[in-house]
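A look at the structure
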Amino acid sequence: MKMLDQVWAKTNPQESLVSHTENALAVFQKLKENLQNHHSFNDEFWRDLFIAVLFHDAGKIMDNFQKMLETGNSKNNIRHELISGMLLFVLDVAYYQKTPLSLAAVFSHHKKLTDDLFSDNTHIKISLKDNLVKEFLGYAQEKIHNLLNFDRFNQKKISEVSENFHKKETGKLVSDFKNHFLKNTSSKIEQKDRVQYILHKAILNLSDWLASGHELPNFKWDFSQEYLKEKIVEKLLNTKKIKQENDFQFREFQLKSVQKSNVLAVAPTGSGKTEAALLWASQKEEISKIIYLLPTRVTSNAIFERLKGYFGEFGVSLVHSSAFFLQKELHEGDYDSKLYLKDKTFMKNITVATVDQILTMGFNLGYWEVKTFNMLEARVIIDEIHLYDPYTLGLIISTIRYLQENFKTRFFIMSATMPRKLKEILLKNLTPDTQVIEDKELLNQARNQFEIRENSIDELDDEIKDYLKQKKKVLIVVNTVDEAIRLFEKYQKYSPICYHSKFIQIDKKMKEEKIFKKEQNPDESALLIATQVVEVSLDIDYDILFTENSPIDAIIQRAGRINRARRKENTRVIIFPHREIVKKYVYPVEKILENTFTLFKENHQRRLTEQELLSMVDEVYKNIEIEPQESYQKGLNVYQEIQKTNHYIKDLVANEEQEKVYTREGMDSKEIIPFCFLEILQNASPQEKMKHEVSVRKWQYYSRKKEKDQDGFVFLDVEYDTDTGLNFKKQNTDFML
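Definitions and cut-offs
- Residues numbered from 1 in each chain as written.
- Predicted model: local features only at pLDDT ≥ 70, side-chain atom pairs only at ≥ 80, totals over all residues.
- Heavy atoms only, no water.
- Helix = DSSP H or I, 4+ residues; strand = E, 2+ residues; numbered from the N terminus.
- Buried < 20%, exposed > 50% of the residue type's maximum accessible area, 1.4 Å probe, protein only.
- Contact = heavy atoms within 4.5 Å.
- pLDDT = per-residue confidence, 0-100.
- Core = buried A, V, L, I, M, F, W, Y, C linked by side-chain atoms within 4.5 Å.
- Domains from an automatic or database assignment.
- Phe/Tyr/Trp six-rings, centres within 6.5 Å; stacked < 30°, edge-to-face > 60°.
- Lys NZ or Arg CZ within 6 Å of the ring centre and 35° of its normal.
- Salt bridge = Lys/Arg side-chain N within 4 Å of Asp/Glu carboxyl O.
- Pairing = 2+ DSSP bridges.
- Axes fitted to C-alpha atoms, helices over the stretch in contact; angles between N-to-C directions.
- Left-handed = near helix turned anticlockwise from the far one by under 90°.
- Nonpolar A, V, L, I, M, F, W, Y, C, P; charged D, E, K, R; others polar.
- Bend = angle between axes of the 7 residues up to and from the residue.
- Buried area = accessible area lost by both parts, 1.4 Å probe.
- Polar contact = N/O pair within 3.5 Å; in protein donor to acceptor, adjacent residues only side chain to side chain.

Observations concerning the side chain of K689
- For K689, the location among the structural elements is in helix α31 (residues 686–690).
- Residue K689 is classed as buried on the basis of its relative accessible area, which comes to 0%.
- When sequence neighbours within four positions are dropped, the list of residues in contact with K689 reads I673, L681, A684, D709, Q710, D711 and F713.

Thoughts on the confidence of the model for the protein chain
- Per-residue confidence for the protein chain gives a mean pLDDT of 91, with 95% of residues at or over 70.
- In this model, residues 730–737 is a region of pLDDT below 50 whose contacts with residues beyond four sequence positions or in other chains number 27 contacts.

Topic: unusual backbone geometry
- Note the cis peptide between N12 and P13, where omega equals -5°.
- Residue position: P13 is located in the loop between β1 (8–10) and β2 (15–16).
- One non-glycine residue with positive phi stands out, namely H214, at about 55°.
- Note on placement: H214 falls in the loop between α10 (191–212) and α11 (225–238).
- We classify H214 as exposed; its relative accessible area is 54%.
- One non-glycine residue, R566, lies in positive phi territory at about 65°.
- Here R566 shows up in the loop between α26 (552–559) and β15 (572–576).

Structural notes on the nonpolar core
- The biggest cluster of nonpolar side chains holds 133 residues, and the ones touching the most others in it are L35, F55, F165 and I385.
- In terms of domain composition, this core takes at least three residues from each of domain 1 (4–213) and domain 2 (225–442).
- By size, the runner-up hydrophobic cluster in this structure holds 41 residues, among which are V478, I504, F576 and M690.

Some points on the packing of aromatic side chains
- All chains considered together, the criterion is met by 31 aromatic pairs.
- With a centroid separation of 5.9 Å and 15° between ring planes, the pair formed by Y227 and F311 is classed as stacked. Of this pair, Y227 sits in helix α11 while F311 sits in helix α14 (residues 297–311), and the two are 84 residues apart along the sequence.
- Judged by relative accessible area, F311 falls into the buried class, the value being 11%.
- In textbook terms, an aromatic cluster arises when at least three aromatic residues are bridged by ring pairs, as seen for F28, F41, F45, W46 and F50.
- One Lys or Arg, R152, reaches over the ring of Y95 and ends 4.1 Å from the middle of that ring.
- The residue whose ring lies beneath K670 is Y701, and the NZ or CZ to ring-centre distance is 5.3 Å.

Points about the pattern of salt bridges
- For the coordinates displayed, the defined rule picks out 49 salt bridges.
- Put simply, E305 and K308 hold a salt bridge, and the shortest N to O gap is 3.5 Å. Of this pair, E305 and K308 both sit in helix α14, three residues apart, roughly one helical turn.
- E305 gets classed as partly exposed once you look at its relative accessible area, which sits at 42%.
- The buried category is assigned to K308, whose relative accessible area is 17%.
- Residue E627 pairs with K428 through a salt bridge whose shortest N-O separation is 2.5 Å. Placement of the pair is E627 in the loop between α29 (610–620) and α30 (630–645) and K428 in helix α20 (residues 420–429), with a sequence separation of 199 residues.
- Within the structure, one salt-bridge network assembled from shared partners comprises D458, D461, K465, E483, R486 and K490.

Re the environment of S695
- Tracing the chain through its elements places S695 in strand β18 (residues 694–697).
- On a C-alpha basis, the gap between S695 and K670 in space is 5.3 Å, while along the polypeptide they are 25 residues apart.
- Aside from chain neighbours lying at most four places away, what touches S695 is K502, S669, K670, E671 and L726.

A look at the sheet that holds strand β10 (residues 446–452)
- In space, the seven strands of this open sheet follow the order β12-β13-β11-β14-β15-β10-β16, with mixed pairing throughout. At either margin of the open sheet sits one strand with a lone partner, and together these are β12 (497–499) and β16 (606–609). When the angles between neighbouring strand axes are averaged without regard to direction, this sheet yields 25°.

Some words on the packing of helix α19 (residues 390–407) against α30
- Running from N to C, α19 and α30 point in directions that differ by 35°, and their axes come no closer than 7 Å. Every pair of crossing elements has a handedness; the one defined by α19 and α30 is right-handed. Here α19 contributes P390, Y391, L393, G394, L395, I397, S398, T399 and R401 to the contact with α30, which in turn contributes S631, Y632, K634, G635, L636, V638 and Y639.
- Each residue belonging to the contact of α19 with α30 can be placed in one class, and the counts come to nine nonpolar, five polar and two charged.

What about the environment of A26?
- With respect to the secondary-structure elements, A26 resides in helix α1 (residues 17–35).
- In sequence terms A26 and E215 are 189 residues apart; their C-alpha atoms lie 9.8 Å from each other.

Focus on the sheet that holds strand β8 (residues 410–415)
- The seven strands lie next to each other as β5-β6-β4-β7-β8-β3-β9, forming an open sheet whose pairing is parallel. In the strand order of this sheet, the two ends are held by β5 (316–319) and β9 (435–438), each with one partner. The sheet shows a mean angle of 15° between the axes of neighbouring strands, direction not considered.
- Relative to β9, strand β3 (residues 263–266) is paired through four bridges, and the arrangement is parallel. Within β9, the residue paired with V263 across the bridge is Q435.
- Contacts between α14 and the sheet are confined to β4 (290–294), β5 and β6 (350–354), with β6 contributing the most and set at about 165° to the helix.

Details of helix α9 (residues 170–186)
- Approximately 30° is the largest bend angle found in α9, and it occurs at K178.
- Residues of α9 that are buried include every one of T170, L173, V174, D176, F177, F181, L182, T185 and S186, and no others.
- On its buried face, α9 is in contact with α4 (80–91), α5 (93–98) and α6 (101–107).

Considerations on the domain arrangement of the protein chain
- Looking at the protein chain, the domain boundaries give domain 1 (4–213), domain 2 (225–442), domain 3 (445–621) and domain 4 (668–736).
- The gap between the C-alpha centroids of domain 1 and domain 2 is 36 Å.
- Counting from both sides, the interface comprises 16 residues of domain 1 and, opposite them, 20 residues of domain 2.
- Here domain 1 packs against domain 2, burying approximately 1,800 Å² in sum over the two surfaces, 71% of which is carbon and sulfur.
- The largest contributions to the domain 1 side of the interface with domain 2 come from H38, R194 and W209, which together make up 37% of the buried area.
- Put simply, domain 1 and domain 2 have one salt bridge between them.
- Put simply, E369 and K201 hold a salt bridge, and the shortest N to O gap is 2.9 Å.
- Across the contact surface, domain 1 and domain 2 share four residue pairs in polar contact (both at pLDDT 80 or more).
- A per-element tally of the side of domain 1 that touches domain 2 places α10 first, with 12 residues.
- Partitioned by chemical class, the residues of the side of domain 1 that touches domain 2 number 10 nonpolar, four polar and two charged.

This is the structure we're talking about:
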């Protein structure tokens, strides 16, 4: 053992290969103890995985790797996973060709499992001492015998490998990996094997990652109904919303959410759906994670902030396309890629994310194995389910089916407006014990009076100004950015705020702070001019809404920003006709806009209850079938197509197949920074640059001059203004959203 003790697995801090392996095996054993009763694991699974963990870093015995650690120069290094995997493979070729999943995990525990894995290493000469191979195999044989109480490999074969493995050339090892392992086994892999591979790969990764951080998995987490109530009361007392602890009780609707089963929840905005979902999540098993999924980064950030108040800054992770830099800023720089790796693979007890983060798993993208593994008996909350287009809904349904069947995942799916046909699709695909709960108390209440105007928004000028003179908080929502900008410029006298999707992040945050500050001042009016982004991104409580006609569920979401707390009187939602450009480009589904306007016209000047509004949603959508739509079917079946092409366990790589991979239909946007910030941000940090990003359509991106900086950020030649956002001088159509 003397030479093996001088083989290093890593530096900073320095740790021997034996020490790291022992730590990884300790993590593995802890994972086994906690997981073996939660899935149909058999003895062969655990034996194969034990050996995979034991051998996963064996390749670090080669001189190439040790030299790299010593000098920091990786030029002549060979991927240690190649040597680790091939050392294990040659010990029993027949077995691993027949039962390849644990070995595939060893080969790919740092890099994607693709046909080109290790191709860059073929020209590098391997340097490997025969006595180190012999010593490691002796160490491994002893571990297997003592801990598994059997001898896995033939002694004659061990001696043969000990004598000859160091003579092998790198090119031959890569060739054998491709032809005798990967190619030979790929064609035999079936869809059912994907689940077993996920388990092998994820447990190996977790054993390695946690051992590297000298951590053990901790499944103990005290989260109960009592804990949640205590945290809510603490928050309400601190904000002076209640005077004493006894002033707070969970609402009946929230208590109905305490279920072991899946739940569909229908409740209006401001009903406490978030707390209802958390009450449901408190019924989780000890090993279960809580995953809270939302449609946008903005809503994800808001829920993350809310949950931090309940579970602490380090108890909740945030995962979306720009979350890394946000977290880095929150932790004042003390947040690195290793911490984010744990966050984005759902390793924390609670994760808040955009829904896209689970939808990429089916495409075999990213760390899909670990993410999927952490869905084992997880409690998943999906908010605003009605917002997703048919394609994305198809992806969501396909993901729900897969996770329910293979990982016992439970779902709490909620919305303020859930059309009957959407509810039917969800119930058909969720388990038979799924409970439907509704907030009967609030559904039978009316918040606002709904009125129709046959006039355009410009013809409502006097009415808008009259409300502002009365110091009302007035919200105007239109369906395109250009129209919002036009109205902002028209009402300059009233100090309006313009709010839409085409602001850089730092300005958007500043605007939100300004919006909330104005709302709190009862002595002045407020005029907010927005697009449909207001439907899901702002929890405001205004007095009057003037909204351009849109689909009924969108109008209900907009109306949820009026009299949100249900304490005001004489609040109104005023709907004016949509423009033709809206019907052509924004909401092209036939008859939806017309049916919505007609239905509200029939209920002109009525204070409609939330239940009446939901019935109107069903009426508008009664002739719209989701399941037969081509886009829905595409979303439902695209995972199977991609996985089959990649033999179910291979990672997706950048080729023609990746063109089929997207999570939102029509998601053709690019992140850019307006050119006016180029000089200002020349020496800025990546997180500072990210605050200045905004998305544009691809045709807009490719139609303008651009410049990419050293960090990969693209600066686009487009006008930008803090008050109105992006402004393309030549436009064939309005900006949408």
